[in-house]
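The lines below spell out each chain.
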Amino acid sequence: MKKIQMVDLKSQYEKIKETINSSIQEVLNTNTYINGPQVHQFQKSLEEYLDVKHVIPCANGTDALQIAMMGLDLKPGDEVITADFTFAATVEVIALLQLTPVLVDVDMFNMNISIDGIRKAITPKTKAIVPVHLFGRAANMEAIMAIAKEYNLYVIEDNAQAIGANCKFSDGTKKKAGTIGHVGATSFFPSKNLGCYGDGGAIFTNDDALAHKLRGIVNHGMYERYHHDVVGVNSRLDSIQAAVLNAKLPLLDQYGKARQDAARKYSAAFEGHKNIIAPSICDICDCHVFHQYTLRIIDADRNGLMQHLLDKGIPCAIYYPIPLHSQKAYADARYKEEDFPVTNQLVKEVLSLPMHTELDDEQIEFITSSVLEFLK
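For the chain, the name recorded in an unreviewed UniProt entry is dTDP-4-amino-4,6-dideoxygalactose transaminase, with Flavobacterium glaciei as its organism. Listed in UniProt under the heading Sequence similarities (unreviewed entry), the comment for the chain reads: "Belongs to the DegT/DnrJ/EryC1 family."

Quick look at the structure:
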């Protein structure tokens with residue numbers, strides 16, 4: 001059996017090596033390392049794939065979130081609501097901009113931000129909501145956009161983990177995660193569903209004026225060289241990373257299907273087990289692209305299971321072991337433990353198994369049998 005990886009980028013590369021190498025060589029041949037043709041090609045291709053008017057490439061996913069907020073002219077002290085159960089980058093940029101993070105609990109079923117939690121957290125100072133499409137599953141954007149419209153709030157989608165996922169609305173229409181709010185942000189970190197071979201990110205919007213402002217912000221506030229019209233930063237996707245993404249983007253739906261197929265096999269093996277709650281996935285699932293395959297281990301030794309898997313050479317991880325409201329950097333007297341019952345439970349139960357495009361049946365059988373061996 002091939003060695004099991006949490007994310008197997010090497011095997012993925014071997015299948016597309018010629019395309020990747022040719023794309024990178026083109027950059028080397030033209031010597032256009034910043035804002036070269038590969039970057040513009042990727043921007044246009046991603047706009048078409050997402051059916052969004054504007055994609056603004058940038059240096060990484062955290063920058064994408066920060067720049068998106070900068071473009072909305074939020075002021076110090078403005079409150080921004082986001083989920084307690086996610087990676088710190090989401091709340092980090094809120095704090096860096098001297099905005100006020102307002103953490104709310106998540107939904108037990110999908111682990112995304114609680115709709116009731118959003119409503120309860122709104123105050124006269126609230127200016128924006130940042131839903132995170134966690135682990136690859138689209139959040140309830142229809143409900144979130146309805147709340148935003150009711151209270152005149154911005155919606156900034158953190159789509160770092162769910163590029164390619166669809167959000168389905170009650171009228172039957174579908175839109176890509178990241179393109180529904182006023183602005184969306186994503187990451188192309190190597191382990192992402194669409195990952196480059198370094199750091200990279202992008203911002204999405206259908207707002208022409210906002211897109212224009214964002215394009216200035218990512219380039220030191222310049223639209224014309226040495227003319228600084230807005231306060232900006234230096235955050236650009238380099239041409240070599242764009243070359244990698246150009247090779248991978250046409251395969252994104254195929255990659256998503258491979259992850260969904262692996263998730264179905266995992267879940268079939270765990271079905272009905274009294275100590276395992278597996279992610280739900282239907283036959284026509286397109287709302288979840290499984291950036292992570294995350295179990296909940298209930299009434300059993302989650303940490304013991306993790307060590308058992310590691311001892312057998314099976315990588316696994318806890319995403320995330322500490323709620324944001326309990327992190328030293330973001331602790332606040334406003335937060336009470338009883339406000340976060342779901343998050344406080346999830347951090348004790350979640351365990352993510354290997355998930356990537358190259359998982360084979362032999363590996364999945366070994367992983368699932370090893371889990372069941374411990375939980376027998």
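1. Let's talk about the pairing of strand E1 (residues 54-58)
Burial analysis of E1 places five of its five residues in the buried class, which makes it a mostly covered element. Burial along E1 is two-sided: His54, Ile56 and Cys58 facing one way and Val55 and Pro57 facing the other are all buried. Where E1 meets strand E9 (residues 201-205), five bridges bridge the pair, whose relative direction is antiparallel. If you follow Cys58 over to E9, its bridge partner there is Gly201.

2. Section: the domain arrangement of the chain
Here the domain parsing of the chain yields domain 1 (9-249) and domain 2 (252-375). Taking only C-alpha atoms, the centre of domain 1 and the centre of domain 2 are 24 Å apart. Of the residues lining the interface, 44 residues belong to domain 1; the matching set on domain 2 comes to 34 residues. At the boundary of domain 1 with domain 2, total buried surface from both sides reaches about 3500 Å², with 58% on carbon and sulfur atoms.

Rules of the game
Residues numbered from 1 in each chain as written. Predicted model: local features only at pLDDT ≥ 70, side-chain atom pairs only at ≥ 80, totals over all residues. Heavy atoms only, no water. UniProt positions renumbered as here; feature names shortened; annotations may be inferred. Buried < 20%, exposed > 50% of the residue type's maximum accessible area, 1.4 Å probe, protein only. Helix = DSSP H or I, 4+ residues; strand = E, 2+ residues; numbered from the N terminus. Pairing = 2+ DSSP bridges. Domains from an automatic or database assignment. Contact = heavy atoms within 4.5 Å. Buried area = accessible area lost by both parts, 1.4 Å probe.

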